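Here is what each chain is made of, one letter per residue.
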Amino acid sequence: MGNCSQGCKDYFSRQKNTNIRLTLPVVCFVWQIAMIILFGVFIRYDEESDAHWVETKAHDNITSDIENDFYFRYPSFQDVHVMIFVGFGFLMTFLKRYSFGAVGFNFLIASFGLQWALLMQGWFHSLDPQTGKIFIGIESLINADFCVAGCLIAYGAVLGKVSPVQLLVMTLFGVTLFAVEEYIILNLLHARDAGGSMVIHTFGGYYGLSISRVLYRPNLHQSKRMQGSVYHSDTFAMIGTLFLWMFWPSFNSAITDHGDGQHRAVINTYLCLASTVLTTVAISSLSQKTGKLDMVHIQNSTLAGGVALGTAAEFMISPYGALIVGFFCGIISTMGYIFISPFLEKTLKIQDTCGIHNLHAMPGVIGGIVGAITAAAASESVYGKQGLINTFDFTGDFKDRTVLTQGGYQAAGMCVSIVFGVVGGAIVGSILKLPIWGDPADENCFDDEVYWELPDEEEEHQESIPPILEYNNHMIHKQQDLSESNFSVEHCES
Amino acid sequence: MGNCSQGCKDYFSRQKNTNIRLTLPVVCFVWQIAMIILFGVFIRYDEESDAHWVETKAHDNITSDIENDFYFRYPSFQDVHVMIFVGFGFLMTFLKRYSFGAVGFNFLIASFGLQWALLMQGWFHSLDPQTGKIFIGIESLINADFCVAGCLIAYGAVLGKVSPVQLLVMTLFGVTLFAVEEYIILNLLHARDAGGSMVIHTFGGYYGLSISRVLYRPNLHQSKRMQGSVYHSDTFAMIGTLFLWMFWPSFNSAITDHGDGQHRAVINTYLCLASTVLTTVAISSLSQKTGKLDMVHIQNSTLAGGVALGTAAEFMISPYGALIVGFFCGIISTMGYIFISPFLEKTLKIQDTCGIHNLHAMPGVIGGIVGAITAAAASESVYGKQGLINTFDFTGDFKDRTVLTQGGYQAAGMCVSIVFGVVGGAIVGSILKLPIWGDPADENCFDDEVYWELPDEEEEHQESIPPILEYNNHMIHKQQDLSESNFSVEHCES
Amino acid sequence: MGNCSQGCKDYFSRQKNTNIRLTLPVVCFVWQIAMIILFGVFIRYDEESDAHWVETKAHDNITSDIENDFYFRYPSFQDVHVMIFVGFGFLMTFLKRYSFGAVGFNFLIASFGLQWALLMQGWFHSLDPQTGKIFIGIESLINADFCVAGCLIAYGAVLGKVSPVQLLVMTLFGVTLFAVEEYIILNLLHARDAGGSMVIHTFGGYYGLSISRVLYRPNLHQSKRMQGSVYHSDTFAMIGTLFLWMFWPSFNSAITDHGDGQHRAVINTYLCLASTVLTTVAISSLSQKTGKLDMVHIQNSTLAGGVALGTAAEFMISPYGALIVGFFCGIISTMGYIFISPFLEKTLKIQDTCGIHNLHAMPGVIGGIVGAITAAAASESVYGKQGLINTFDFTGDFKDRTVLTQGGYQAAGMCVSIVFGVVGGAIVGSILKLPIWGDPADENCFDDEVYWELPDEEEEHQESIPPILEYNNHMIHKQQDLSESNFSVEHCES
């Protein structure tokens, strides 16, 4: 009983550090007000979403209503939107007591990140030099969602170990870094990366891993009891997995060129992901003595194929090529969970809650390499003369670029994304190490209790299994009389 | 033991009132047969979905297959459909033992309501005077889903306190009232309300609150043990929240004019909702001593921005304008959960299970006001001459209307929706008060047990935690021998 | 205690049979490698997804980007995709301890099946005689998903009673049989079946029932304790139900002719399903003494209307006709669960875990009959001359076919699908009866424990209801001292 009281006291004293009643509201308000001001100064509707569109249409001799990018992109946008909020959110609900944090903080940082992304991407990609305004349309929203994805990937590495305030700071810097590396890779290097193997997954993966390294907690084992899943939390996570898996073809094709490009990106991603599932299951089964499957692999590694085809999905990689990429990604990603993650934790001191190294970082790098090779191997016989120009956008300043050079720039792009991830993550990690952000104590990690008002579970269990427990309670009281025990259960009741 | 038997007897005697074996099937059959007859008399395919379309196309010189409203609206329709069935359904699963009722009765009343809505809206909006028929297409289905949304909002106020028969009656009258107020607001007053701030949310909110007031249960505290959530029920509710949140841009743009109108409605709603999330989190965190977040706020108040932009989403409110609306809605709605809901319950005797006053009624009114102001402030310089005409549909009888007048009619529309909600709800509530509908006793509210065959949970718990409990059972029997207790647990086992 | 040890020994000896560490990885690898080789030989992009599209467009004078089937079909494809993976997967999670198997094996066999389907359907339907290649586009992906649906339906009958290796074998043969019967029905008989009442549901239903008959387990009652649901598993299943229900209009319209055909298929399916919900609720309520609803009916029978309109959805069945079909399907399907399923199990020895006879087989046959009658009753006055030709594709070899003949061929098609299902299932069932596939023992059916690494639940329950149980544990130990019991609980702890 002495131990108990002591434990309770410690518990509450540690709680104090995680009080975010001041910081979280302040950060939310300050940043939201900043967004409003910046949007007021910079953001305007583009011509297709402006009420003057009817005049623009008349001026440009557009007769069909459907000639508005809205109808080409909106279904893809909604699929991507579902991936960001339900896909990423529920994928991370696998922990037994961190579902609120997984889906709730995912919600918070995505909502903030997409606003900041519209500004950052706007300044870098579409600032109108004459008016000084950023004109946004449906494709801007897709790109903002993409940008946010990078930060949500990074969240996977630090899941359960940081406070929401830290997550908002991480997102602010993550989006900023993303916009810069994206500008360098897509505009300066003129690399192609429609589904973001490099720009999104490689960057996001290494950004998160690097932050996690800096925030290394040597005593994380103290919250080991919370680090597992329960049956229903694993089932919730499958909602995330499946929505990511199903809509990944939309992700990789969302901002690709109209027509054959989008069409091809969907076919390639669809096939690649199907192939990944089979090899993931095979390796997962091989890893256990009796051939049982591990939910961690099914939830995550099945998605690696989509990541690895992010760059090459729009290329003429051919259907069997897509299957081959998926084949190896399933193997490598599952092997990663079995062998590499424990190694990273022990040797490099990288604690990677969701295994983003296996799901995003490694497959992202593979995707970059596949993209570089496929680009370098492209030929006029396969693409057609105009098809080659369209696919790689060999126009303007880049109209004389050869496919071999393009392959080189693709590889260069991948290096840029890794460097931005690692270096950026290290710097941001150092900022997040400051003792002002309200992060949880080592023994309270992976526990929603710290940042969420939790429902009173005890009462529920009394509801759902009343007869036995009630009877037991009854027995207990009888028992007490019988044995004259003066142990009092109330002291430890939370 | 005497108490126990008495309790059991009371339990079963109370159960008798909730026997709906006669009423529910009868109501379902009668209403479905009525639907079949009325559809046979009135409903026909419109020309775009009729097999004569190939001739109509030839006659109208339409060459492209895509010139069929199906391709402009179907993706939006499906998003709205998901909101109605998964969004509303799962949003209400938060109670620990009312998930079946939440998602199941939502399913039932939506399925009935949409049929009745097609008829009611058809009679008021698209009855062909020559043939006496209603011609339906994809936009009719969207409107029917919209109409049903009003009743599902009202369901939120009475969740757990009414029988499915009452819900069907409530839906029958709700859809009827909806069609009338919609006709008055959109056709007679010629107000614009694409996303239904007034027509759907304000009406639905006050309709439900008014019914809940009439059905006030002074002894509802008797089922207080069932009124909370459990960990996984809160996670289920987040499925509903997220699908509503993600697809709200589709909701607000689904029936807007093709092209720039839909485009703009999506951008505005997307931004407004993102802003709402941040201020909801801020206020929720402020409301607790240690800054913890409350799932009730995250599940509900994050959606208030979508409601509040229902009218103005298609207007040129500008991106930062949308952010500002979201900013204040998050604050007001969360404050509503903290301060206004308890006040309403204590002072006005309105028991509002899901807090629809904070999520629909208040933000709906805000949306009406925002719409009126934005309309009154519209100018040719912002919209363009033709853009202004298109956006506010200043054609036909209304071609000379000014934006100021339009603002006035918008405000008038909002008053109409409030009056219909409050008065209609009071009348329907009185009907539902009749003692023939099989509603649950005060101590059985919020309990699926009353209307659903529930799985035998006890067995499950024996499965999942067998060693300890089985051992306990074992101990119990040993114990009984030991203490000669003749207490018999069987008497109370359900 | 002697019994206990014996039981434990038996348990582990039986476990040995289910070791799939060799077979599952081998099958996955062999089949995936075979897919890669066959795709390399046969599968190519079709012209709309090939990079030469820009030249094809120029050649064919196509000016609008939107004239690519991608934009007509992709939103429908994604809805169908969600039905296959989330719909079917989650619908089967209702069992208390088979959610991983339901959603995980569904994922596995769908991923394999769709690859094999692309090949099989390609060889039968779209093998280019000149090049010997199969050219795939977005419609091929939809058809592959459709084909897989047949096998997932069959999975419903054997859910929990087979190993993943058996499922893969079942899928290999199932897809093969599907492609043949589909070729006979759609191409040789020239029957119409856009939503697959016959081709998908009747075939899949009888295929699964026939396999289940061959694999009959007389001692299945030994795992009766696992055959029920728990509260949250039933809620998970509703996710599957609702996504199937909402997207069924997309399913029935996905490969229908552009324009009026798709438009009409959506309207009909939407109405039919709404009607089904009401009669399902009515019959479910009638079946219980106090009118309570049964989740099994709500989860399954509400979908029967979509199945039954699979053939006739694109016909001019008229809105009230769709309501009537739904009306009777809800009644028949729910009655099936109440009366026919127990009869099938007792008399015909068909153990049908998910009741696919009531959800797919019977409604599929109804759908075939409705289709035949509606086709035979078609007239030029209703369809228009060209509309009739378009709807029934009376072109080429079939340009002189009358609607009456068409009705006959529709009926013939249904018989073909039944024969393929029953005979094919019997043969495949015999193969699956071989004792090499690692299927579970009778007492381990419906238990994820056999094929999945499960989280350590006990620990969780100690987390969530610690005070009482911990106290009980405490009491137990005190108790042991008291009564000198030397019963040791450790022996049986899993």
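Residues numbered from 1 in each chain as written. Chains lettered and ligands numbered in written order. Predicted model: local features only at pLDDT ≥ 70, side-chain atom pairs only at ≥ 80, totals over all residues. Heavy atoms only, no water.

**Student:** I keep staring at the relation of the copies chain B and chain A and nothing clicks. Help me out?
**Tutor:** Both copies of the chain are related by a screw-like operation: a rotation about an axis and a shift along it. The operation relating chain B to chain A is a screw motion whose rotation component is 120°, with 0.0 Å of axial translation and a residual RMSD of 0.0 Å. Both copies are brought into coincidence by an operation consistent with a three-fold rotation axis. Considering only C-alpha atoms, the part of chain B nearest the rotation axis is B:Pro75, at 3.6 Å. A share of only 16% of the interface residues of chain B reappears at the interface of chain A, consistent with the copies meeting through non-equivalent patches. (Least-squares fit on C-alpha atoms with pLDDT ≥ 70 in both. Contact = heavy atoms within 4.5 Å.)

**Student:** Where do I start with the packing of aromatic side chains in this structure?
**Tutor:** To describe a pair of aromatic rings, one takes the distance between the centres and the angle between the planes. Per the stated rule, a full pass over the model turns up 87 aromatic pairs over all chains. Centroid distance A:Phe70 to A:Tyr74: 4.7 Å. Interplanar angle 15°. Geometry classified as stacked. Of this pair, A:Phe70 and A:Tyr74 both sit in helix α4 (residues 69-91), four residues apart, which is roughly one turn of that helix. Accessibility classification places A:Phe70 together with A:Tyr74 in one group, the buried group. On the numbers, 5.0 Å between centres and 80° between planes, the contact of B:Tyr71 with C:Phe72 is edge-to-face. Of the two residues, B:Tyr71 is situated in helix α4 (residues 69-91) and C:Phe72 in helix α4 (residues 69-91); the pairing between them involves two chains. The exposure class assigned to B:Tyr71 is buried, which follows from its relative accessible area of 9%. Three or more aromatic residues joined by ring pairs form one cluster here, namely A:Phe70, A:Tyr71, A:Tyr74, A:Phe77, B:Phe72 and B:Tyr270. Its guanidinium or amino end placed over the ring of B:Tyr231, A:Arg97 lies 4.1 Å from that ring's centre, counting from NZ or CZ. (Phe/Tyr/Trp six-rings, centres within 6.5 Å; stacked < 30°, edge-to-face > 60°. Helix = DSSP H or I, 4+ residues; strand = E, 2+ residues; numbered from the N terminus. Buried < 20%, exposed > 50% of the residue type's maximum accessible area, 1.4 Å probe, protein only. Lys NZ or Arg CZ within 6 Å of the ring centre and 35° of its normal.)

**Student:** Teacher, can you tell me more about the nonpolar core here?
**Tutor:** Nonpolar side chains tend toward joint burial in soluble globular proteins. Residues A:Phe243, B:Phe243 and C:Phe243 are the most contacted members of the largest nonpolar core, which totals 485 residues. The contact partners of C:Phe243, leaving out residues within four places of it in the chain, are A:Phe243, B:Val82, B:Val86, B:Phe243, C:Val82, C:Met83 and C:Val86. (Core = buried A, V, L, I, M, F, W, Y, C linked by side-chain atoms within 4.5 Å.)

**Student:** How should a nonpolar patch on the surface be read in this particular structure?
**Tutor:** On the surface, a cluster of nonpolar side chains totalling about 330 Å² of accessible area is made up of A:Val419, A:Val422, A:Val423 and A:Ile427. Locating A:Ile427 in the fold gives a position in helix α17 (residues 403-432). (Patch = residues over 30% accessible without salt bridge, like charges linked within 9 Å, V, L, I, M, F, W, Y side chains within 5 Å. Areas by Shrake-Rupley, 256 points an atom, 1.4 Å probe, with all protein chains shown as cover. Salt bridge = Lys/Arg side-chain N within 4 Å of Asp/Glu carboxyl O.)

**Student:** Can you walk me through the UniProt feature "domain: Ammonium transporter AmtB-like" (unreviewed entry) in chain A in this structure?
**Tutor:** With numbering matched to this structure, UniProt assigns "domain: Ammonium transporter AmtB-like" (unreviewed entry) to residues 69-450 of chain A. Taken end to end, residues 69-450 of chain A is 70% helix and 1% strand, and its first and last C-alpha atoms sit 45 Å apart. (UniProt positions renumbered as here; feature names shortened; annotations may be inferred.)

**Student:** I'm lost on the interface of chain C and chain B in this one. Help?
**Tutor:** Between chain C and chain B, the residue contacts involve 93 residues of the former and 92 residues of the latter. Summed over both partners, the interface of chain C with chain B comes to about 8000 Å²; 72% of that surface belongs to carbon and sulfur atoms. The largest per-residue losses of area from chain C upon contact with chain B belong to C:Tyr231, C:Tyr270 and C:Leu278, which jointly make up 11% of the total buried on that side. At the junction of chain C and chain B, the tally comes to one salt bridge. For C:Lys292, the salt bridge goes to B:Glu449, with nearest N and O atoms at 3.2 Å. Seen at the junction of chain C and chain B, the total is 26 residue pairs in polar contact (both at pLDDT 80 or more). With 19 residues, the single largest contributor to the side of chain C that touches chain B is helix α10 (residues 260-286) of chain C. Its residues placed into classes, the side of chain C that touches chain B shows 45 nonpolar, 32 polar and 16 charged. With two bridges joining them, strand β3 (residues 452-453) of chain B and strand β3 (residues 293-294) of chain C adopt parallel strand pairing. Bridging across to β3(C), B:Trp452 finds its partner in C:Leu293. (Buried area = accessible area lost by both parts, 1.4 Å probe. Polar contact = N/O pair within 3.5 Å; in protein donor to acceptor, adjacent residues only side chain to side chain. Nonpolar A, V, L, I, M, F, W, Y, C, P; charged D, E, K, R; others polar. Pairing = 2+ DSSP bridges.)

**Student:** How do you make sense of the relation of the copies chain C and chain B when you look at a structure like this?
**Tutor:** Superposition of chain C onto chain B requires a rotation of 120° combined with a translation of 0.0 Å along the rotation axis, giving an RMSD of 0.0 Å. Here only 16% of the interface residues in chain C have copies in chain B that are interface residues too; the copies meet through unlike faces.

**Student:** What am I meant to see in the interface of chain B and chain A here?
**Tutor:** It is common to give the size of an interface as the accessible area that goes away when the parts come together. In this assembly, 92 residues from chain B lie in contact with 92 residues from chain A. In this assembly, chain B packs against chain A so that about 8000 Å² is buried in total across both faces, 73% of it on carbon and sulfur atoms. Counting across the chain B and chain A interface gives one salt bridge. The interface formed by chain B and chain A holds 26 residue pairs in polar contact (both at pLDDT 80 or more) in total.

**Student:** Would you take a moment to explain helix α8 (residues 197-214) of chain C for this structure?
**Tutor:** For the α-helix, the turn length of 3.6 residues means that residues three or four positions removed from each other point alike. With 18 residues, α8(C) should reach 26 Å at 1.5 Å per residue; the first-to-last C-alpha distance of 24 Å fits that figure. Burial of α8(C) is extensive: 16 of the 18 residues sit out of reach of the surface. (Expected span 1.5 Å × (residues − 1).)

**Student:** What exactly am I supposed to notice about the pattern of salt bridges here?
**Tutor:** Here the idea is simple: oppositely charged side chains can pair when their charged atoms come close. All names here are of chain A. Under the criterion given, the structure shown has 26 salt bridges over all chains. Among the ionic pairs, glutamate 314 bridges to arginine 192, the shortest N-O distance being 3.4 Å. In this pair, glutamate 314 sits in the loop between α12 (304-308) and α13 (319-347) while arginine 192 sits in the loop between α7 (164-188) and α8 (197-214), placing the two residues 122 residues apart along the sequence. Judged by its relative accessible area of 14%, arginine 192 is buried.

**Student:** In this structure, what is going on with helix α13 (residues 319-347) of chain C? I would like to understand it.
**Tutor:** Residues and elements named next belong to chain C. In a regular helix each residue adds 1.5 Å, so 29 residues correspond to 42 Å; α13 covers 39 Å between its end C-alpha atoms and thus fits that length. A bend of about 50° at glycine 336 is the largest found in α13. Just beyond α13, the residue with positive phi is lysine 349, at close to 55°. (Bend = angle between axes of the 7 residues up to and from the residue.)

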